[in-house]
Each structure stands twice: as C-alpha cells, then as structure tokens.
2 protein chains.
Amino acid sequence: MAQNIYDDPAFFAAYSQFRRSREGLDGAAEWPALRGMLPAMGGHDVVDLGCGFGWFCRWAIGAGARSVLGVDLSANMLERARVETADPAVRYAQADLDSLELPEAAFDLAYSSLAFHYVADFARLARSVRRALRPGGQLVFSIEHPIYMAPSRSDWATLPDGRKVWPLDSYLREGPRTTHWLVPGVVKHHRTLGTTLNVLIEAGFAIRRVEEWKPSAEQLASLPEAAQELDRPMFLLIAAQAEFGTARVLAQRPRVR
Amino acid sequence: MAQNIYDDPAFFAAYSQFRRSREGLDGAAEWPALRGMLPAMGGHDVVDLGCGFGWFCRWAIGAGARSVLGVDLSANMLERARVETADPAVRYAQADLDSLELPEAAFDLAYSSLAFHYVADFARLARSVRRALRPGGQLVFSIEHPIYMAPSRSDWATLPDGRKVWPLDSYLREGPRTTHWLVPGVVKHHRTLGTTLNVLIEAGFAIRRVEEWKPSAEQLASLPEAAQELDRPMFLLIAAQAEFGTARVLAQRPRVR
C-alpha cells in the first residue's frame with residue numbers, strides 16, 4: 001500500500017507552492033524531456049497514474065487524445081483536478097497504485113510523473129499496466145532516480161578536501177526510504193535502475209528509451225547553479241512498449257547449459 | 001581508438017597477479033551472475049570481444065560452442081591465450097574494438113567482459129556487433145558500472161560526520177576518465193547507464209536483462225567486508241538480443257505531436 005502523504009495538510013500546503021503545482025507542466029524542469037518521449041496523442045485513450053492536479057490530463061486532451069483517465073490516491077489533489085477540468089473526456093478516479101486494477105486492453109498510453117517511487121510492489125503494477133495497454137501501447141513515466149533516492153542521507157555533502165559530492169551509499173539495498181521532504185516521514189521505495197527495467201521486461205514490455213535527466217544547455221545557460229545537477233541524476237525517465245507477438249521470444253530467459 | 005594499456009609492461013605484470021588472471025572465470029566475483037545471463041552454448045558460433053587470456057573462449061568450447069573467435073588489442077594477452085588454448089575451434093585475432101569489423105550474421109553470441117569501457121565510440125561498436133549477429137543472436141557483456149567510473153576521484157571517502165560514502169560527482173558528464181589503476185594514465189570512457197542502453201536499442205537490440213552486480217548472499221557470508229559493495233555497484237551486466245522482424249516497430253522513436 002502506498003503512503004497517502006499528499007493528503008497530509010502540511011505536506012499538501014507546501015507542495016501546492018511548488019512551481020510545478022502553480023504553473024503545471026511548464027513549471028517542471030524535466031517536462032520537455034518527458035514530452036519528447038511521448039507518442040503522438042491523436043485519438044489515443046490515455047491513463048495518467050498519479051495524475052495530481054490533472055495538468056497532464058488536460059494537456060493530453062489538448063494534444064488530441066480521445067479520452068484520459070486520471071488516477072490518484074489523494075482526495076485533495078483530485079478535488080482540485082476536478083475543479084480545474086472542464087472537458088468531459090477527462091475522468092478522475094481515486095485509487096492506490098499498489099492495488100489498482102484497470103480494464104484490459106483499454107489504453108494506448110499509460111503515463112506517470114513522479115509517482116511510481118511511492119509504490120511498494122512495482123512488479124504487480126507493471127503487470128497491471130501491461131494488461132491495460134493495447135498491443136504496441138506505450139508506457140512513459142518518470143520517477144526519482146535511484147541514485148537520488150538510495151542514500152541514507154539524500155543531500156549534497158562536502159568532503160574534508162573540499163569536494164562537494166553526492167554521498168552515495170546503500171544503492172544495492174532495495175526497500176523503503178523514509179525521508180524528510182516538506183514534512184518528516186515521507187515513505188518512498190528504492191529500487192535499482194536494473195530492477196525497474198527487469199520488472200518491466202518481465203511484465204512484457206520492450207524498453208524503448210532510458211533518460212537519466214540532466215538540464216538542457218538552455219537551462220544551464222539561464223541558471224548556472226543548475227550545473228550541480230550534472231553531478232548526479234535527479235530524475236529517471238523511461239519509455240517502454242507493450243510487446244507484440246514476439247514478446248515471448250524476446251522476454252524468454254535463456255537457460256544455462 | 002582504445003588505449004592499449006594491457007601491453008604496458010608494468011600494467012601487464014600487475015594485472016597478471018589478479019585472481020581472475022591466475023584462476024580464470026572462477027576467480028571473478030561477477031562471473032556466476034554473468035554466466036546466468038548466457039544462452040545455452042550448444043552449437044553456437046561465439047565471438048569474445050576483449051578476450052584477454054582466453055578463459056571464456058575455452059569455457060565456451062567446453063560448454064558446447066561450435067567455434068569461438070577471441071578478439072583483443074593486447075599482443076601480450078593474445079600470446080598467453082594462444083599458448084594456453086589447444087582446441088582448433090578457438091581462433092584469436094588482434095584488433096581494436098574502436099575500429100573492429102566483423103563478418104556479417106556470423107555469430108549467435110557476442111560476449112565481452114570488462115572491455116567496452118575502454119571503447120571511445122560505443123555506438124559504432126554496437127552497430128558492428130548487431131550486424132555480426134544472426135537474428136535472435138545475443139549480446140551479453142559486463143562493464144565497470146558508470147556509478148563506479150564517473151567520479152573525479154573513484155574511491156571511498158569519509159564525511160566529517162563519519163559516514164563512509166561513494167563520493168559521486170560528474171555522473172552526467174560523459175567522456176574519458178583518466179585514472180590511476182595499477183599504473184597512472186589508464187583511460188576509460190564514461191557513459192551513463194541510459195546512454196549505454198539507448199545506444200544498444202538504437203543499434204537494433206532488445207534489452208533482455210540489466211544487472212547491477214552485487215555480492216551474493218553466499219559471497220557476503222564468506223567475506224563480510226564485501227558488504228561495502230552494497231553501497232555502490234562496481235559492475236554492470238547487460239544481456240541484449242538482436243531483434244527479429246518487429247525491430248523497426250519497437251525501436252521507432254515516436255514523434256511529438
């Protein structure tokens with residue numbers, strides 16, 4: 001079961017002040033890269049897993065999607081999403097991604113922004129999303145990068161010799177991470193990049209693209225302090241595709257002789 | 001062009017003392033994991049890219065391969081490989097992986113252990129290997145993990161508060177890394193995990209498995225100090241498969257609307 005921290009009043013108040021909460025997609029530094037991994041929306045049925053305030057749902061309709069289902073655990077977020085969404089082709093539903101069941105072969109695109117790292121059982125979710133996609137359908141999502149999430153203290157550190165570094169530890173120890181982010185006690189679930197990819201492959205996805213996000217040249221020019229973001233990746237962006245007929249051949253694990 | 005550090009006398013003397021140089025595959029901690037990603041060898045034509053002393057070439061023949069071509073840049077290593085290999089089904093050739101050309105559709109398996117991080121142009125090599133594989137053929141390889149290779153100083157560090165950490169920096173700055181490893185001036189080429197995977201996908205491979213190596217429970221029990229290896233991955237192991245007919249559909253990058 002995923003923690004519903006977004007319905008914590010102090011967390012929600014602080015999160016609502018973020019640029020991405022006030023300005024939407026264009027307020028998120030990684031959005032241009034994520035948008036670049038999306039298929040054309042025209043005529044597609046889309047599901048947004050962890051839709052928050054519904055910014056992407058409304059963008060997808062504007063970009064030509066036929067329908068969008070936004071799913072979120074937070075009643076707070078869905079309430080604002082509903083108020084701000086006029087188009088009847090967008091529906092919202094409250095659900096925990098750790099127990100979500102979706103209709104079979106009902107979507108052409110599953111999208112998710114910074115939500116899957118709250119999910120404890122990613123293998124279950126990946127299978128559920130795979131079943132919900134039509135053959136050739138796509139899954140495009142972002143999560144906190146495991147390098148960002150792994151450390152026992154997830155913050156820059158200065159070494160005695162003056163080097164400012166990202167103090168990595170525990171990368172290969174998978175499991176929950178309880179951090180202070182806006183409020184104390186926020187629970188995320190650390191998985192290595194390898195595990196995330198293998199779970200998708202085993203669920204019947206072909207990996208199409210893996211982006212360890214970094215600021216663009218334009219972003220670096222307008223905000224020089226963003227250069228520090230080159231020292232460790234904050235976001236991981238993945239595009240995967242529900243396999244066609246050859247799925248079983250490609251996904252088959254060979255036996256050792 | 002890859003640096004030929006293995007023909008440096010001081011480097012070669014030191015490298016020859018390593019357990020993996022003296023004992024072969026069983027002297028390499030990551031070998032059981034890499035072996036677990038290999039297809040059955042029976043009747044296969046195999047190429048080993050960066051074959052070193054030929055340990056894998058001889059193992060593959062013993063495991064049923066029909067033929068093995070071992071390729072390496074180092075004359076020193078090939079000389080010993082030839083002396084220690086009796087089976088005429090194993091051939092050796094001296095070549096730089098940065099300019100290697102292989103016969104088309106000639107192999108069922110391309111294997112490589114800890115060699116590709118010396119290659120400057122991985123995209124060129126990936127396309128070359130893809131063409132050399134028969135449809136459905138496999139590429140299984142290990143490299144130094146990019147988390148291990150990225151830092152400006154690639155060694156454990158202790159923070160003022162006592163935490164022992166892996167001091168990550170420059171992860172998203174790809175390019176050569178000159179390190180002191182056995183001798184000064186060893187040149188490796190850092191690419192992010194995402195870049196390595198995207199290069200393979202764009203060359204026509206389907207990603208089958210991505211292992212960020214860690215010690216097994218058995219290895220941890222027999223060598224408690226190996227627990228530190230859980231703080232950051234040292235090796236990256238990848239299995240990929242030359243795509244069948246659906247390759248173009250799966251590898252196609254979608255356009256943004």
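Participant: Help me understand the overall build of chain A, please; the structure alone is not making it clear to me.
Facilitator: Looking only at helices and strands, chain A has 10 helices and 11 strands in total. A compact globule built from 257 residues should have a C-alpha radius of gyration of about 18 Å, and chain A, at 19 Å, falls within 12% of that.

Participant: Just to check I follow, could you spell out the packing of helix α6 (residues 122-132) of chain A against helix α8 (residues 193-202) of chain A for this structure?
Facilitator: Residue and element names in this part refer to chain A. Interaxial distance between α6 and α8 falls to 9 Å at its minimum, and their mutual angle equals 40 degrees. Crossing handedness for the pair α6 and α8: right-handed. Where α6 abuts α8, its residues Phe122, Ala123 and Ala126 lie against Thr196, Val199 and Leu200.

Participant: What is the right way to read the relation of the copies chain B and chain A from this model?
Facilitator: The pair of chain copies shares a relation made of a rotation about an axis and a shift along it. Aligned on chain A, chain B shows an RMSD of 0.0 Å; the corresponding rotation is 180 degrees and the shift along the axis is 0.0 Å. The symmetry that links the two subunits is that of a two-fold axis. A high fraction, 100%, of the interface residues of chain B reappear at the interface in chain A, so the copies pair face to face through one surface.

Participant: Any chance you could explain the interface of chain B and chain A here in plain terms?
Facilitator: Interfaces are often sized by the amount of accessible area the parts lose when they come together. In this assembly, 50 residues from chain B lie in contact with 50 residues from chain A. Looking at the side of chain B that touches chain A, the elements with two or more residues in it are β7 (164-168), α8 (193-202), β10 (205-212) and α10 (247-251) of chain B. Per-element tally for the side of chain B that touches chain A: the top contributor is β10 of chain B, with seven residues. Here the side of chain B that touches chain A is composed, by residue class, of 28 nonpolar, nine polar and 13 charged. Judged from the three bridges that link them, strand β7 (residues 164-168) of chain A and β7 of chain B form a sheet pairing that is antiparallel. Counterpart to Pro167 of chain A in the pairing with β7 of chain B is Pro167 of chain B.

Participant: I'm lost on unusual backbone geometry in this one. Help?
Facilitator: The phi torsion of most residues other than glycine is negative, and most of the peptide bonds are trans. Located in the positive-phi region is Leu114 of chain A, a residue other than glycine, with phi close to 55 degrees. Within the secondary structure, Leu114 of chain A is located in the loop between β4 (107-113) and α6. Phi at Ala105 of chain B is positive, roughly 45 degrees, even though this residue is not glycine. With respect to the helices, strands and loops of the structure, Ala105 of chain B is situated in the loop between β3 (90-94) and β4 (107-113). By C-beta crowding, Ala105 of chain B is classed as partly exposed, having 13 other C-beta atoms within 10 Å.

Participant: Would you mind showing me how to read the nonpolar core here?
Facilitator: One broad trend across soluble globular proteins is that nonpolar side chains are buried collectively. In this structure, Ala110 and Ile207 of chain A together with Ala110 and Ile207 of chain B are the most contacted members of the largest nonpolar core, which totals 122 residues. Aside from chain neighbours lying at most four places away, what touches Ala110 of chain A is Val47, Leu49, Val129, Ala132, Leu133 and Leu139 of chain A. Among the nonpolar cores identified, the runner-up in size contains 16 residues, and Val165 of chain A together with Ile147, Val165 and Tyr171 of chain B belong to it.

Participant: Sorry if this is basic, but what is going on with the sheet that holds strand β2 (residues 67-72) of chain A here?
Facilitator: Paired through their backbone hydrogen bonds, the strands of a sheet run either parallel or antiparallel. Residue and element names in this part refer to chain A. With mixed pairing, seven strands are arranged side by side in an open sheet as β3-β2-β1-β4-β5-β11-β10. Two strands bound the open sheet, and with one partner strand each, they are β3 (90-94) and β10 (205-212). Taken over all neighbouring pairs, the strand axes of this sheet differ in orientation by 15 degrees on average, direction set aside. In this structure, strand β5 (residues 133-144) lies alongside strand β11 (residues 235-242), joined through seven bridges in antiparallel fashion. Paired with Phe141 across the two strands is Ile238, which belongs to β11.

Participant: Before we go on, may I ask you to explain the pairing of strand β9 (residues 183-190) of chain A in this structure?
Facilitator: It is a general feature of regular strands that their side chains alternate between the two faces of the sheet. Residue and element names in this part refer to chain A. Two elements, strand β8 (residues 175-181) and β9, share six bridges in a ladder whose sense is antiparallel. Across the sheet, Gly175 pairs through a bridge with His190, a residue of β9. What sits between β8 and β9 in their antiparallel hairpin is a turn of one residue, with Leu182 showing a positive phi close to 75 degrees.

Participant: Mind showing me how you'd approach the confidence of the model for chain A here?
Facilitator: When pLDDT drops low, the exact placement of atoms in the prediction is not to be read closely. All names here are of chain A. Residues with a pLDDT of 70 or more make up 95% of chain A, whose mean pLDDT is 93. Segment residues 246-257 is flagged for pLDDT under 50; beyond a separation of four residues in sequence, or across chains, it makes 23 contacts in the model. Our summary of model confidence lists the complex with pTM equal to 0.94 and ipTM equal to 0.93.

Participant: Hey, could you run me through the sheet that holds strand β6 (residues 157-158) of chain B in this one?
Facilitator: Strand order in the open sheet formed by four strands is β6(A)-β7(A)-β7(B)-β6(B), and the pairing between neighbours is antiparallel. Two strands close off the open sheet at either side, each with one partner strand: β6 (157-158) of chain A together with β6 of chain B.

Participant: Is there a simple way to explain helix α6 (residues 122-132) of chain B in this structure?
Facilitator: Residues and elements named next belong to chain B. Of all the positions in α6, only Phe122, Leu125, Ala126, Val129, Arg130 and Ala132 are classed as buried. Taken end-on, α6 shows its buried residues confined to a sector of 165 degrees, consistent with a single buried face. Turning to α6, the residues buried within the fold contact β1 (45-49), β4, β5 (133-144), α8, β10 and β11 (235-242).

Participant: What am I meant to see in α8 of chain A here?
Facilitator: Structural remark: α-helix, 3.6 residues per turn; residues separated by three or four positions point the same way. For α8 of chain A, the set of buried residues is Leu193, Gly194, Thr196, Leu197, Leu200 and Ile201 of chain A. Around the axis of α8 of chain A, the buried residues are gathered within 165 degrees of arc, so they sit on the same side.

Participant: Where do I start with the environment of Leu168 of chain B in this structure?
Facilitator: When you line up the elements, Leu168 of chain B lands in strand β7. The class of Leu168 of chain B is buried, set by 23 C-beta atoms lying within 10 Å. If sequence neighbours within four positions are ignored, Leu168 of chain B has contacts with Ile147, Val165, Trp166, Leu168, Asp231 and Arg232 of chain A together with Ile147, Ala150 and Pro151 of chain B.

Calculation rules
Residues numbered from 1 in each chain as written. Chains lettered and ligands numbered in written order. Predicted model: local features only at pLDDT ≥ 70, side-chain atom pairs only at ≥ 80, totals over all residues. Helix = DSSP H or I, 4+ residues; strand = E, 2+ residues; numbered from the N terminus. Rg over C-alpha atoms; globule rule 2.2 N^0.38 Å. Axes fitted to C-alpha atoms, helices over the stretch in contact; angles between N-to-C directions. Left-handed = near helix turned anticlockwise from the far one by under 90°. Contact = placed C-beta atoms within 7 Å. Least-squares fit on C-alpha atoms with pLDDT ≥ 70 in both. Nonpolar A, V, L, I, M, F, W, Y, C, P; charged D, E, K, R; others polar. Pairing = 2+ DSSP bridges. Buried ≥ 20, exposed ≤ 12 C-beta atoms within 10 Å, placed from the backbone. Core = buried A, V, L, I, M, F, W, Y, C linked by C-beta atoms within 7 Å. pLDDT = per-residue confidence, 0-100. Arc of directions from axis to C-beta.

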